[in-house]
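Examination of the molecular architecture
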Amino acid sequence: MDYDGDMTQSIGDVMASRSYGEPPDIRRIKDFVKTEIGIVPGVSSNAESYIVRVPSAAAAGALRVGLFRLHKLLATKKRILIRIGQS
């Protein structure tokens, strides 16, 4: 990136022009859970796993049944963890 001498652009202007979408795997997880149990979960990830947050034990149990299919859909070596709590 070359400096063109124009210091009038603020960091807010630069950052506003960027697009920050969800990673495709997180979108796939949310869509899968929405289709399977009708809840949009909270999803986060780290180097080893995806953490799927659902609001109740009933939702976690229902999701557990489809966990193998979700893992195959993602085709990843990351673990998929289900957490109960605020999503």
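Residues numbered from 1 in each chain as written. Predicted model: local features only at pLDDT ≥ 70, side-chain atom pairs only at ≥ 80, totals over all residues. Heavy atoms only, no water.

Observations regarding the packing of helix H2 (residues 24-37) against helix H4 (residues 67-74)
Basically, it comes down to this: Convention adopted: a line fitted to C-alpha atoms gives each axis, helices being fitted over their contacting stretch, and angles between N-to-C directions are expressed from 0 to 180 degrees. Put simply, DSSP marks the helices as runs of H or I at least four residues long and the strands as runs of E at least two long, and each gets a number from the N terminus on. Roughly parallel refers to an angle under 35 degrees, roughly antiparallel to one over 145, roughly perpendicular to one between 65 and 115, and oblique to any angle outside these ranges. Working rule for handedness: look at the near helix, and if it is turned counterclockwise from the far one by less than a right angle, call the crossing left-handed; if clockwise, right-handed. By definition, residues are in contact when any of their heavy atoms lie within 4.5 Å. Under the scheme applied here, ten amino acids are nonpolar (Ala, Val, Leu, Ile, Met, Phe, Trp, Tyr, Cys and Pro), four are charged (Asp, Glu, Lys and Arg), and all others, including Gly, are polar.
At their nearest, the axes of H2 and H4 sit 10 Å apart, and the two run at 150° to each other. Taken together, H2 and H4 sit at an angle that is classed as roughly antiparallel. Pair H2 / H4 crosses with right-handed handedness. The residues of H4 that touch H2, namely those facing Asp25, Arg28, Ile29, Phe32 and Glu36, are Arg69, Leu70, Leu73 and Leu74. When grouped by side-chain class, the residues that make up the contact of H2 with H4 number 5 nonpolar, no polar and 4 charged.

Here we look at the pairing of strand E2 (residues 49-54)
Across a regular strand the side chains alternate sides, sitting on one face of the sheet and then on the other. What counts, and what does not: Burial status follows relative accessibility: with a 1.4 Å probe on protein chains alone, a residue under 20% of its type maximum counts as buried, one over 50% as exposed, and anything between as partly exposed. Note on pairing: two strands pair once DSSP finds at least 2 bridges between them.
For E2, the buried fraction is high: 5 of the 6 residues fall into the buried class. Examined bridge by bridge, strand E1 (residues 42-45) and E2 share 4 bridges and lie antiparallel to one another. Counted as the bridge partner of Ser44 is Ile51 from E2. From the end of E1 to the start of E2, which pair antiparallel, there are 3 residues. By the bridge criterion, 6 bridges tie E2 to strand E3 (residues 79-84) in an arrangement that is parallel. Directly across from Ile51, in E3, lies its bridge partner Leu81.

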